Amino acid sequence: MDMAGSLRVAIGGLGAIGGHLARALDGGVEGLSLTAVAARDQGKARQAIAGFRTPPAVVPLADLATEADVVVEAAPAAVFETIAEAAIARGRIFVPSSVGALLPRMHLIDRARETGARIIVPTGALLGLDAVRAAAEGPVTSVTIETRKPPRGLEGAPYLVENGIEVLGLTAPRLVFKGNAFDAARGFPANVNVAAALALAGIGPERTMVEIWGDPGVTRNTHTIRVEAAAARLTMTIENVPSEENPRTGKITPLSILACLRGLTSTLKVGT
Ligand SMILES: NC(=O)C1=CN([C@@H]2O[C@H](COP(=O)(O)OP(=O)(O)OC[C@H]3O[C@@H](n4cnc5c(N)ncnc54)[C@H](OP(=O)(O)O)[C@@H]3O)[C@@H](O)[C@H]2O)C=CC1
Ligand SMILES: O=C([O-])CC(=O)C(=O)O
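Residues numbered from 1 in each chain as written. Chains lettered and ligands numbered in written order. Predicted model: local features only at pLDDT ≥ 70, side-chain atom pairs only at ≥ 80, totals over all residues. Heavy atoms only, no water.

A.B. asks: Sorry, what's going on with the site of ligand 1 here?
C.D. replies: What surrounds ligand 1 is a group of 27 residues, the closest being L14, D41, S98, A125 and T249. Contact distances for ligand 1 include 3.2 Å between an oxygen atom and a backbone N or O atom of G15. Residue S98 places a side-chain N or O atom 2.6 Å away from an oxygen atom belonging to ligand 1. At the level of secondary structure, the elements contributing two or more residues to the shell around ligand 1 comprise α1 (16-26) and α8 (193-201). Split by residue class, the shell around ligand 1 holds 15 nonpolar, nine polar and three charged. In this structure, the shell around ligand 1 is formed jointly by two domains, domain 1 (7-124 + 252-265) and domain 2 (129-240), each of which donates at least three residues. (Near = heavy atom within 4 Å. Polar contact = N/O pair within 3.5 Å; in protein donor to acceptor, adjacent residues only side chain to side chain. Helix = DSSP H or I, 4+ residues; strand = E, 2+ residues; numbered from the N terminus. Nonpolar A, V, L, I, M, F, W, Y, C, P; charged D, E, K, R; others polar. Domains from an automatic or database assignment.)

A.B. asks: When you look at α8 in this model, what are you seeing that I'm missing?
C.D. replies: The periodicity of an α-helix, 3.6 residues per turn, causes residues three or four places apart in sequence to face the same way. Of all nine residues in α8, eight are buried, a share of seventy percent or more. Residues of α8 that are buried: N193, V194, A195, A196, A197, L198, A199 and A201. Elements that come into contact with the buried residues of α8 comprise α5 (129-135), β7 (140-149), α7 (181-187), β9 (208-214) and β10 (221-229). (Buried < 20%, exposed > 50% of the residue type's maximum accessible area, 1.4 Å probe, protein only. Contact = heavy atoms within 4.5 Å.)

A.B. asks: Can you help me understand the site of ligand 2 in this one?
C.D. replies: Around ligand 2 sit A125, K149, N191, V192, N193, V194, N221, H223, N240, R248, T249 and G250, and that is every residue in its neighbourhood. K149 places a polar side-chain atom, nitrogen or oxygen, 2.9 Å from an oxygen atom of ligand 2. Note that an oxygen atom of ligand 2 is positioned 2.5 Å from one of the backbone N or O atoms of G250. For ligand 2, whose free accessible area comes to 260 Å², the fraction covered by protein is 95%. Of all elements in the fold, only α8 and β10 reach the threshold of two or more residues within the shell around ligand 2. (Areas by Shrake-Rupley, 256 points an atom, 1.4 Å probe, with all protein chains shown as cover.)

A.B. asks: What is the right way to look at the UniProt feature "domain: Aspartate/homoserine dehydrogenase NAD-binding" (unreviewed entry) in the chain in this model?
C.D. replies: The UniProt record marks residues 13-122 with the feature "domain: Aspartate/homoserine dehydrogenase NAD-binding" (unreviewed entry), using the residue numbering of this structure. Between the C-alpha atoms that bound residues 13-122 there is a distance of 16 Å. The span itself is 34% helix and 17% strand. (UniProt positions renumbered as here; feature names shortened; annotations may be inferred.)

A.B. asks: Help me out: how do you make sense of the nonpolar core in this one?
C.D. replies: The tendency in soluble globular proteins is for nonpolar side chains to be buried side by side. L160, V176, F188, L198, V210, I212 and V227 are the most contacted members of the largest nonpolar core, which has 38 residues in total. Counting residues per element, the ones that place at least two in this core are α5, β7, β8 (174-180), α7, α8, β9, β10 and β11 (233-240). Per element, the largest residue contribution to this core is seven residues, and it comes from α8. V210 has contacts with I145, F177, K178, G179, N180, A181, A184 and A195, leaving out every residue within four places of it along the chain. Core analysis: the second largest hydrophobic core is formed by 25 residues, L34, V37, A74 and L261 among them. (Core = buried A, V, L, I, M, F, W, Y, C linked by side-chain atoms within 4.5 Å.)

A.B. asks: Sorry, what's going on with the side chain of H223 here?
C.D. replies: Checked against the element boundaries, H223 lands in strand β10. A polar side-chain atom of H223 sits 2.9 Å from a polar atom in the side chain of T147. In contact with H223, other than residues within four places in its own chain, are A125, L126, I145, E146, T147, K149, V194, M236, T237, I238 and N240.

Right under this line is the structure:
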C-alpha cells in the first residue's frame, strides 16, 4: 500500500496491453496507484510515461515486484518467468496476460502457496469465465473453444512455422490447429492465451479442446466457447477489435485487466 492506502501496481511491458493500462491508471483509478513499469527499450518506456501526471519508476523486469503490491505481466511469453518468479517470491498479487505461459509452469502455484502470493488470471480477451467456473463446481462433460483470427493475427506462430503452414495468402477459412489447450498454448504462445484461461477456469488444459482458424473473412479476433455441463449448456462468442499496436491483441484485453484490478479494491464487486 502507498501512503494514501492505495494498492501499488507495477506493469511489465508497455505495448498494446501495458501501455493502455498504464495510461488508464495514471488517469486515476480509486484504490490503485501505478508505481513502476518495465519494457525492453527503457528509453522508449521513459518517453511513453513522460507526460504522465505521476510518472512511475522505469525498472528492470525482475525489480517490478520490489515496487508494488500487484505485478501485471503484459510482455511476450518469453519473459513471463522473470516477472512471475520475482512477484511470487515476494508474495505479491501476480496478474498474468501471457496465460499460456502459465500452463507448463504450474509449479508456480505451489510456490505461491508457500510465499502467500496470489495468481489472478484475468478474463482478458475472453468472456464468460464466471459461468465456466460456476459450471465446473459441478460435473462438466466438455469444454471447447473455437478461435478465428484474420490471418495476420496468426502469422509467425511457432506451430505454423514448424508445420510449414502459410496463412497470409488464405482466400477461405482454414483450420490450422485442432487439439488440447496445452498444445495450443505451446504452438501459439502469442495467440491463444484465452484457451489457457478457459482451461484454468474449467476442466484443465488436457481436456479443454481448441480449434484455431485462419479466416480471411473476419476482421475481428473471434472466440466461441461451448460448455456442456450438468448444470447448464453455454455457448458464447466474443468478437474483439484488434488493437492498433498489436493486431494479435484485442482492444478489450487491457480493459479486462483494469476491471480485474478494480475488483481487488472495490467495495462492490460484481461477477464471480
Ligand atoms: N490474456 C489474454 O486474453 C491476452 C493476452 N495477450 C498476451 O499478452 C502479452 C502482451 O501482449 P501485448 O501488450 O499485445 O504485446 P506488445 O507486443 O504490444 O507489447 C509487449 C511489451 O513487452 C515489452 N517487452 C518485450 N520484450 C521484453 C523484454 N525482454 N523485457 C522487458 N519487456 C519486454 C515490449 O517492450 P518494447 O516496446 O520496448 O519492445 C512491449 O512494451 C502477450 O504475451 C500476448 O500474447 C494478448 C491478448 C489477450
Ligand atoms: O483475441 C485476442 O485479443 C487475443 C487472443 O486471442 C489471445 O491472446 O488469447
